[in-house]
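So the chains spell out like this:
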Amino acid sequence: FLETTAYFCMKPKMGEKEVSPHSFFSIWHEFSSDFKDFWKKENKLILQERVKEAEEVCRQKKGKSLYNIRPKHDSGIVSKNCSN
């Protein structure tokens with residue numbers, strides 16, 4: 001515990017000789033809950049962006065036809081007989 005508090009540069013509150021677990025973990029709890037809330041919001045935004053991108057890709061694919069329609073050429077037997 002003492003190594004951890006030294007790593008995070010925690011200093012004892014005024015009137016205390018060393019950092020108490022209560023003071024360390026109260027700060028750590030605030031940090032972790034804020035981080036968790038931020039993480040959830042960020043993940044939600046990323047998910048919304050990905051959904052928008054996927055919807056855009058679907059719209060683009062729907063806009064393009066899956067096959068091409070070519071005009072019919074008059075080169076068959078019927079067209080040769082009709083033109084005479």
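Everything numeric here is computed off the predicted structure, so don't read it as measured data. (Residues numbered from 1 in each chain as written. Predicted model: local features only at pLDDT ≥ 70, side-chain atom pairs only at ≥ 80, totals over all residues. Heavy atoms only, no water.)

### Thoughts on the overall build of the chain
Note the cut-off: We count a stretch as a helix when DSSP gives it H or I for four or more residues in a row; a strand needs E for two or more, and each element gets its number in order from the N terminus. Shrake-Rupley sampling with a 1.4 Å probe provides the accessible areas, and residues are treated as covered by the protein chains on show and by no other component.
A count of helices and strands for the chain gives three helices and zero strands. When the helices and strands of the chain are listed from N to C terminus, the series reads α-α-α. A total accessible area of about 8700 Å² is found for the chain, and carbon and sulfur atoms account for 59% of it.

### Topic: the side chain of Thr5
Test applied: Residue contacts are counted whenever heavy atoms from the two residues lie within 4.5 Å of one another.
By the element assignment, Thr5 lies in helix H1 (residues 2-7). With residues up to four places along the chain from it excluded, the contact list for Thr5 reads Met10, Val19 and Phe24.

### Looking at the confidence of the model for the chain
Test applied: What pLDDT expresses is the predictor's confidence in each residue, scored from 0 to 100.
Residues at a pLDDT of 70 or more form 77% of the chain, whose mean pLDDT is 83. Taken element by element, the chain is modelled with least confidence in helix H3 (residues 77-82), mean pLDDT 61, and with most confidence in helix H2 (residues 21-63), mean pLDDT 91.

### Observations regarding the pattern of salt bridges
Convention followed: Each reported salt bridge corresponds to a side-chain nitrogen of Lys or Arg within 4 Å of a carboxyl oxygen of Asp or Glu. Think of it in three bands: residues with accessible area under 20% of the maximum for their type are buried, residues over 50% are exposed, and the middle band is partly exposed, with areas taken using a 1.4 Å probe on protein chains only.
A full pass over the atoms with the stated rule returns two salt bridges. Here Arg59 and Glu55 are joined by a salt bridge, their closest N and O atoms 3.9 Å apart. One end of the pair, Arg59, and the other, Glu55, are both in helix H2, four residues apart, so they sit about a helical turn from each other. For Arg59, the salt bridge is made with Glu56, and the minimal N-O distance between the two is 3.0 Å. On the criterion of helical spacing, the pair formed by Arg59 and Glu56 is a turn pair, its members being three residues apart in helix H2. Residue classification places Glu56 among the partly exposed positions, given a relative accessible area of 37%.

### What to know about a nonpolar patch on the surface
Rule in force here: For patch detection, residues must exceed 30% relative accessible area and be free of salt bridges, and they are connected within 9 Å for like charges or within 5 Å for nonpolar side chains (Val, Leu, Ile, Met, Phe, Trp, Tyr).
On the surface, Phe1, Leu2, Tyr7, Phe8, Phe25, Trp28, Phe31, Phe35 and Trp39 cluster together into a nonpolar patch covering about 1000 Å² of accessible area. Ranked by the residues each element gives to the nonpolar patch, the list is headed by H2, at five residues. Relative to the assigned elements, Phe8 resides in the loop between H1 and H2.

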